[in-house]
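Tertiary structure, described
Here's the letter readout for the chains.
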Amino acid sequence: MIFSSLVFLYVFLPTVLLLYYMIRKSYRNYLLFLASLIFFAWGGVSYSALLIVSIIFNYLIGRRIAVSEKAKVWLLFGVIINISLLGVFKYAGLFTETINVFLGLTQNSLLPIPEILLPIGISFYTFQAMSYLIDIYRKEAEVQKNIANLGLYISLFPQLIAGPIVRYHDISLQINNRAHTYEKFSEGVLRFVLGLAKKTLIANNLAIVADQVFNTPAGEISTLAAWIGIIAYTFQIYYDFAGYSDMAIGLAKMFGFDLLENFNFPYISKSIQEFWRRWHISLSSWFRDYLYIPLGGNRIGVKRTYVNLFIVFFVTGLWHGSSWNFVVWGLIHGLFIVIERLGFKNTLKKLPALFSGTYTLFIAMMAWVLFRAEDFGFAKEFYMTLFGFSNTTDIDVDLALMINSEFVLSLMIAIFGAFGGFMLIKKQLLKTLSTNLLAKLKPISYSLFIIIIMILVTTYLANSTYNPFIYFRF
């Protein structure tokens, strides 16, 4: 089940909300935990057992960390098991393929590649489980003695399958003590609907063209088609991911939780460093707190700092998917961050904002090619096509048919919004309109916006079978 589905919008969510606000407060966490397990089981009951095992295991290890004199040993054991869980279910195929490459060079028999279905959201809930263990060890939060409450933290359905990644110390106090107000609920509904619009009305329309381009052999598309494809994908992945984060934050508010922001207009960044302060903030924060700083951060010399950065971005790439394409994607970002730290960031500050912004967006777009490509061979051909080194000259007919007014409008709105256009309009309206007039218009305008978006989304979902979920690799 995904947020942008009619079953979730008109059956699951209303039912859970109704029950949540009907029952006693002392039972609400149990209801949310049960709802989260049902939500997860919708995609495969067998992997719900894996999630439950993870919850039980981390609950027991957390209790040992809290009381044992060998807390560090228990922490290390817990982290190793959690990483092993990811290793088996997410990376077994990649490791086997890599070994087979070397075995093939030596003409030895090849290993069979295991066919293991990747449980949706495993990267997210495993990282949250490790956050719990590490925060307990560091005394940054109290151990959770109620296993259902820990299960709720690890499996909370608003952010279970697409983030943001919630660190335990950021939300531990909210598990048993959170505010439920009309204002927060209304804000949550608006945020959810805004994210739903980003996902279904913008990202999905851009995905049609992006998928058409990237599903065509790179040597058979024109340079123009390649550029249209990568531009479409650049904004598709942003609106898809940011849209899901908005929906998660909005849903959490409906149930009284306050989650941290996950995106902050990353495409307006003036450097790759800034890009990663604005893109997938929860993942960046997780790696900073639990990997970069423990490795020594920038405290033990310049060379070690650069090594630490490359380690972090190697793991960042690997986290996103079981393919070396993702690793190289991560290392490209790490390389440019190192280049900027070597002094290029000072040069960027002196240059016009248009240049530094263009540089950052260009690097991000070129890296997205590797992120989207199925393998290095396709990526190589795609780069050659982008820069005119292929033999094709005409845009293919299928793509020409798909670039319609709906796609063009979606792309224009996407670009305008990604660079803060709607925020500027909002700020200007706040300056122009009086406080009394704003107070009168706000509930009416918000209600109209929600109604219009829900009508458009419902119509779109009812008439279209195309509703891609790009986080299956995570």
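No experiment lies behind these values; they were computed from the predicted model shown.

1. Some thoughts on the side chain of Arg28
Position of Arg28 relative to the elements: it lies in helix α2 (residues 25-41). As a buried residue without a salt bridge, Arg28 has its nearest oppositely charged side chain in Asp258, at a separation of 14 Å. Residue contacts for Arg28: discarding those within four places in its chain leaves Tyr20, Tyr21, Ile23, Arg178 and His180.

2. A closer look at helix α15 (residues 376-386)
Because an α-helix packs 3.6 residues into every turn, residues spaced three or four apart end up facing the same way. Taken together, the buried positions of α15 are Phe378, Ala379, Phe382, Thr385 and Leu386. Taken down its axis, α15 places every buried residue within 125° of arc, on the same side. Looking at the buried residues of α15, the elements they touch are α8 (182-214), α9 (223-254) and α14 (353-372). One side-chain oxygen at the N-terminal end of α15 lies 3.1 Å from the backbone nitrogen of Gly377; it belongs to Asp375. Just downstream of α15 lies Gly388, where phi reads positive at about 80°.

3. Focus: empty space enclosed by the protein
Applying the stated rule across the entire model yields one cavity of 30 Å³ or more. Looking at the largest cavity, its volume works out to about 40 Å³. For the largest cavity, the full set of lining residues is Gln128, Leu152, Tyr153, Leu156, Gln159, Val166, Ile171, Ile175 and Phe257. By residue class, the composition of the lining of the largest cavity is seven nonpolar, two polar and no charged.

4. Points about the packing of helix α13 (residues 324-350) against α14
Axis separation between α13 and α14 bottoms out at 9 Å; the angle between their running directions is 165°. As judged from the angle between their axes, α13 and α14 are roughly antiparallel. For the crossing formed where α13 meets α14, the hand is right-handed. Judged by residue contacts, Asn325, Phe326, Val328, Trp329, Ile332, His333, Phe336, Glu340, Phe344 and Leu348 of α13 engage Ser356, Tyr359, Ile363, Ala367, Trp368, Leu370 and Phe371 from α14. Considered class by class, the residues forming the contact of α13 with α14 number 13 nonpolar, three polar and one charged.

5. Some details on the packing of α8 against helix α17 (residues 405-418)
At a minimum axis separation of 9 Å, α8 and α17 run at an interaxial angle of 125°. Considered as vectors, α8 and α17 are oriented oblique to each other. Handedness of the α8/α17 crossing: left-handed. Residues Leu201, Ile202, Asn205, Leu206 and Val209 of α8 lie in contact with α17, whose contacting residues are Glu406, Phe407, Ser410, Leu411, Ile413 and Ala414. Considering only residue class, the contact of α8 with α17 consists of eight nonpolar, two polar and one charged.

6. What to know about α8
With 33 residues, α8 should cover 48 Å at 1.5 Å per step; its first-to-last C-alpha distance of 45 Å lies within 8% of that length. In the structure, α8 departs most strongly from a straight axis at Ala203, where the bend amounts to approximately 40°. The buried fraction of α8 is high, at 25 of 33 residues.

What counts, and where the lines are drawn
Residues numbered from 1 in each chain as written. Predicted model: local features only at pLDDT ≥ 70, side-chain atom pairs only at ≥ 80, totals over all residues. Heavy atoms only, no water. Helix = DSSP H or I, 4+ residues; strand = E, 2+ residues; numbered from the N terminus. Buried < 20%, exposed > 50% of the residue type's maximum accessible area, 1.4 Å probe, protein only. Lys, Arg positive; Asp, Glu negative; His and termini not counted. Salt bridge = Lys/Arg side-chain N within 4 Å of Asp/Glu carboxyl O. Contact = heavy atoms within 4.5 Å. Arc of directions from axis to C-beta. Polar contact = N/O pair within 3.5 Å; in protein donor to acceptor, adjacent residues only side chain to side chain. 1 Å grid on protein atoms, 1.4 Å probe; cavity = no way out; pocket = protein on both sides within 12 Å on 5 of 7 lines; lining within 4 Å. Points joined across faces, edges and corners; volume = space filled by probe spheres on them. Nonpolar A, V, L, I, M, F, W, Y, C, P; charged D, E, K, R; others polar. Axes fitted to C-alpha atoms, helices over the stretch in contact; angles between N-to-C directions. Parallel < 35°, antiparallel > 145°, perpendicular 65-115°, else oblique. Left-handed = near helix turned anticlockwise from the far one by under 90°. Expected span 1.5 Å × (residues − 1). Bend = angle between axes of the 7 residues up to and from the residue.

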